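Notes for the structure review
Listed below are the residues making up each chain.
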Amino acid sequence: HASPDKKLNAVVDEIRKLHAGGRPVLVGTRSVALSEQLAARLDHAGLVFNLLNALNDREEAGIIAQAGREGAITIATNMAGRGTDIILGPGVAAKGGLHVIATEHHEAGRIDRQLYGRAGRQGDAGTAACYLCAEDELFHRFAPGWVVDSLRNAIAARTPGVAFVANTLIRLLQKRAQRLAFRSRKSVMRMDTWIDEALSFSGNPGA
């Protein structure tokens, strides 16, 4: 989508359609702020939903456990409630099962896959989709500016093949992000080792 606003509008439209057909929807967001923006739009649209973010984490297992009920709409941040099985309600499998929506890709592709995996668990019916726009954090942090501009223009113009290009770019950026994270972890480990050795040499390991 051409902008974050249009992306959220599209997410709400998709939720409304699925809800009308009785399918449960689980929406994953990267931040509390985004979860609340989406919640405000769903509320404005007159849709009843459960919001799960860092502000009500004590209830997360119970909320996630109910996410497979017919017509349920659940918004959750960063895979909240993982480890809790989502059991489909009566008749939900025949309607297509749980539909998972990712509102943005993560730097680590495994987190995306974990979210998608909430649908169709243990052979249940289910589907998953991800919505993106050129303003997403993954693009801004790890792609050159000219690439972001080109992608934005291609999305706005509905250029044929733009979805394939975007998905390929996402995979490349996720690999880049993971390489940088690995180097950062190695640097921290080297610093920790150096500090331990320095303190040991000084005879003050408890400092």
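Residues numbered from 1 in each chain as written. Predicted model: local features only at pLDDT ≥ 70, side-chain atom pairs only at ≥ 80, totals over all residues. Heavy atoms only, no water.

1. Regarding the overall build of the protein
Note the threshold: Secondary structure elements follow DSSP: runs of H or I no shorter than four residues count as helices, runs of E no shorter than two count as strands, and numbering proceeds from the N terminus. Buried means the residue's accessible area, taken with a 1.4 Å probe over protein chains only, is under 20% of the maximum for its type, while exposed means over 50%, and partly exposed covers the values in between. Throughout, a contact is declared for two residues whenever any of their heavy atoms are within 4.5 Å.
Along the protein, the regular secondary structure elements total seven helices and five strands. Reading the protein from its N end, one meets helices and strands in the order α-β-α-β-α-β-β-α-β-α-α-α. A buried classification covers 40% of the 207 residues belonging to the protein. Across the protein, contacts joining residues at least 24 apart in sequence account for 68% of those joining residues at least 6 apart.

2. Comments concerning the pairing of strand 4 (residues 98-102)
Applied cut-off: Between any two strands, at least two bridges found by DSSP are needed for them to pair. Seen with its strands pointing away from the viewer, a crossover is right-handed when the path leading from the first strand over the helix to the second is clockwise.
Counted residue by residue, strand 4 has five buried out of five residues, so it is predominantly covered. Neither face of strand 4 is left uncovered, since the one carrying Leu 98, Val 100 and Ala 102 and the one carrying His 99 and Ile 101 both have all their residues buried. Pairing between strand 1 (residues 25-29) and strand 4: four bridges, direction parallel. Its bridge partner being in strand 4, Gly 28 is matched across the sheet by Ala 102. Relative to strand 5 (residues 126-130), strand 4 is paired through five bridges, and the arrangement is parallel. Of the residues in strand 5, the one forming a bridge with His 99 is Thr 127. Remark: the strand 4/helix 4 (residues 109-116)/strand 5 crossover connection has right-handed handedness.

3. Focus on empty space enclosed by the protein
Just so we agree on the cut-off: The definitions used throughout rest on a 1 Å grid laid over the protein atoms alone, on which a cavity is an enclosed set of points accommodating a 1.4 Å probe that cannot get out and a pocket is an open set flanked by protein within 12 Å on both sides along at least five of seven lines; lining residues are those having an atom within 4 Å of a point. Grid points are joined across faces, edges and corners, and a volume is the space filled by probe spheres set on the points. Amino acids are sorted into nonpolar (Ala, Val, Leu, Ile, Met, Phe, Trp, Tyr, Cys and Pro), charged (Asp, Glu, Lys and Arg) and polar (every other residue, Gly among them).
Throughout the structure, instances matching the rule amount to three cavities of 30 Å³ or more. There is about 40 Å³ of room inside the largest cavity. Forming the boundary of the largest cavity are Ile 86, Leu 88, Leu 98, Arg 118, Ala 119, Gly 120, Arg 121, Asp 124 and Ala 125. In terms of residue class, the lining of the largest cavity is built from five nonpolar, one polar and three charged.

4. What about the pairing of strand 1?
With five of five residues buried, strand 1 is to be regarded as a mostly interior element. The alternating pattern of strand 1 places Val 25, Val 27 and Thr 29 and Leu 26 and Gly 28 on opposite faces, both of which are buried.

5. Some thoughts on the sheet that holds strand 2 (residues 50-52)
Pairing between sheet strands relies on hydrogen bonds along the backbone, with the strands arranged either parallel or antiparallel. We apply this condition: As a rule, the C-alpha atoms of each element are fitted with a line to give its axis, helices using only the stretch in contact, and angles between N-to-C directions run from 0 to 180 degrees.
Here five strands make up an open sheet; going across it, the order is 2-3-1-4-5 and the pairing parallel. The open sheet has two edge strands with one neighbour each: strand 2 and strand 5. Each adjacent strand pair in this sheet contributes to an overall mean axis angle of 15 degrees, direction not counted. Across the sheet, helix 1 (residues 4-20) touches strand 1, strand 3 (73-77) and strand 4, and the angle it forms with strand 4 is around 175 degrees. Across the sheet, helix 2 (residues 32-44) touches strand 1, strand 2 and strand 3, and the angle it forms with strand 3 is around 160 degrees.

6. Here's the deal with the pattern of salt bridges
Here is the rule we go by: Salt bridges, as used here, are contacts in which a Lys or Arg side-chain nitrogen is within 4 Å of a carboxyl oxygen on Asp or Glu.
Tallied over the entire structure, the rule returns ten salt bridges. Residue Glu 70 pairs with Lys 95 through a salt bridge whose shortest N-O separation is 3.7 Å. You can see Glu 70 sitting in the loop between helix 3 (60-65) and strand 3 and its partner Lys 95 sitting in the loop between strand 3 and strand 4, a full 25 residues away along the chain. For Glu 70, a relative accessible area of 47% puts it in the partly exposed group. Take Lys 95: its relative accessible area is 36%, and that puts it in the partly exposed class. Via salt bridges that share partners, Arg 30, Glu 107, Glu 137 and Arg 141 belong to a single interconnected network.

7. Points about the confidence of the model for the protein
Cut-off, in case you're wondering: Known as pLDDT, the predictor's per-residue confidence is scaled from 0 to 100.
Confidence in the prediction of the protein, expressed as mean pLDDT, is 83, and 84% of residues score 70 or more. Per-element mean pLDDT across the protein ranges from 75 in helix 7 (residues 162-202) up to 95 in helix 1.

8. A closer look at helix 4
Condition: Directions drawn from the helix axis to the C-beta atoms are what define this arc.
For helix 4, the set of buried residues is Gly 109, Asp 112 and Leu 115. Angularly, the buried residues of helix 4 cover 120 degrees about the axis, an arc narrow enough to put them on a single face.

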